[in-house]
Amino acid sequence: MPLVYVTRRMHFSAGHRLHAESLDEETNRGIYGACNNPLGHGHNYDLEVTVAGEPDPVTGMVMDIKKLKDLIQKEVIDPMDHKFLNVEVPFLTRQVPTAENIVVAIWRVLQDKLSGVTLYRLKLYETERNIVEYYGA
Ligand code: NI
């Protein structure tokens, strides 16, 4: 049976501040630069969620992409959109909200909610030029 990869692209806007609590102010400024601004800054994020599976012989679908969209919307976008990621998102608290940490946290959320397909890849665009990918390793 063919293995097919299906991707849904979603969008959210959010604010954050890159600041490691375990480091002093000066070190944080040195590492994160403008991203350490005490009052934060924002991004327009794009998130691509890719699932893998075999098309159902009757429906021809790996997964109903509307259901995938609704799941991402409810579990990821609604909690994160227009929020300050450092404090307002339960599954992101107690870590620096870098794109790397965000994508791993989103993986854990979605992994627990998907059945019948394999979560294959998350790709998070923090800007058009700054992109992280995660395959669950
Ligand atoms: Ni930023």
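Going by the structure above, here's the rest.
The rules behind each value
Residues numbered from 1 in each chain as written. Predicted model: local features only at pLDDT ≥ 70, side-chain atom pairs only at ≥ 80, totals over all residues. Heavy atoms only, no water. Pairing = 2+ DSSP bridges. Helix = DSSP H or I, 4+ residues; strand = E, 2+ residues; numbered from the N terminus. Donors = N, O, S within 2.8 Å, 3.2 Å for Na, K, Ca; no water. Buried < 20%, exposed > 50% of the residue type's maximum accessible area, 1.4 Å probe, protein only. Core = buried A, V, L, I, M, F, W, Y, C linked by side-chain atoms within 4.5 Å. Contact = heavy atoms within 4.5 Å. Polar contact = N/O pair within 3.5 Å; in protein donor to acceptor, adjacent residues only side chain to side chain. Axes fitted to C-alpha atoms, helices over the stretch in contact; angles between N-to-C directions. Left-handed = near helix turned anticlockwise from the far one by under 90°. Nonpolar A, V, L, I, M, F, W, Y, C, P; charged D, E, K, R; others polar. Phe/Tyr/Trp six-rings, centres within 6.5 Å; stacked < 30°, edge-to-face > 60°. Lys NZ or Arg CZ within 6 Å of the ring centre and 35° of its normal.

Would you explain the sheet that holds strand β1 (residues 4-16) in this entry?
Neighbouring strands of a sheet are bound in pairs by backbone hydrogen bonds; such pairs are parallel or else antiparallel. The mixed open sheet is built from five strands, whose spatial order is β3-β1-β2-β4-β5. Unpaired on one side and paired on the other, β3 (83-84) and β5 (131-134) mark the two borders of the sheet. Relative to β5, strand β4 (residues 118-125) is paired through four bridges, and the arrangement is antiparallel. Residue leucine 122 lies in a different strand from β5, and its bridge partner there is tyrosine 134.

Explain the coordination of the nickel ion here, please?
Each donor-metal-donor angle in an ideal tetrahedron of four donors is 109.5 degrees, and each such angle in an ideal octahedron of six donors is either 90 or 180 degrees. Listed as protein donors to the nickel ion are His16 (NE2), His41 (NE2) and His43 (NE2); their distances from the metal cover 2.0 to 2.1 Å. Note on histidine 41: relative accessible area 23%, which makes it partly exposed. With a relative accessible area of 14%, histidine 43 lands in the buried category.

Is there a simple way to explain the nonpolar core in this structure?
Grouped together as the largest cluster of nonpolar side chains are 35 residues, with contacts concentrated most on Ile72, Val76, Met80, Leu110 and Leu124. Secondary-structure elements contributing two or more residues to this core are β1, β2 (41-53), α2 (65-80), α3 (99-113), β4 and β5. If you tally residues by element for this core, the top one is α3, at nine residues. When neighbours within four sequence positions are excluded, leucine 110 is seen to be in contact with Val49, Leu71, Ile72, Val76, Leu119 and Leu122.

Looking at this structure, how should I read unusual backbone geometry?
Glycine aside, negative phi is the norm for most residues, and most peptide bonds take the trans geometry. One non-glycine residue with positive phi stands out, namely histidine 82, at about 60°. In this structure, histidine 82 sits in the loop between α2 and β3. Phi is positive for arginine 94, which is not a glycine, with a value near 70°. On the secondary structure map, arginine 94 appears in the loop between β3 and α3.

Just checking my understanding: could you explain helix α1 (residues 25-32) for this structure?
For α1, the N-terminal capping position is held by aspartate 24, with its side-chain oxygen 3.2 Å away from the main-chain nitrogen of glutamate 26. Positive phi appears at glycine 33, one or two residues downstream of α1, with a value of about 55°.

Looking at this model, I keep getting lost on the packing of α2 against α3. Mind explaining?
Packed helix pairs are specified by the crossing angle of their axes together with the interaxial distance, meaning the distance between the axes. Axis separation between α2 and α3 bottoms out at 10 Å; the angle between their running directions is 145°. Like other packed secondary-structure pairs, α2 and α3 cross with a definite hand, here right-handed. Only Ile102, Ile106, Val109, Leu110 and Lys113 of α3 make contact with α2, whose side of the interface consists of Leu71, Ile72, Glu75, Val76 and Met80. In the contact of α2 with α3, the residues fall into eight nonpolar, no polar and two charged.

For this particular structure, what's the right way to read the packing of aromatic side chains?
Two numbers describe a pair of aromatic rings. These are the distance of the centres and the angle of the planes. Going through the model one piece at a time under the given rule, you end up with four aromatic pairs. Each ring, one from tryptophan 107 and one from tyrosine 134, has its centre 5.2 Å from the other, and the planes form 75°; the classification is edge-to-face. Highlighted residues: tryptophan 107 in helix α3 and tyrosine 134 in strand β5, separated in sequence by 27 residues. Put simply, the rings of Tyr5, Tyr120 and Tyr135 pair up and form one aromatic cluster. Positioned above the aromatic ring of tyrosine 125, the side-chain terminus of arginine 9 is 4.9 Å from the ring centre.

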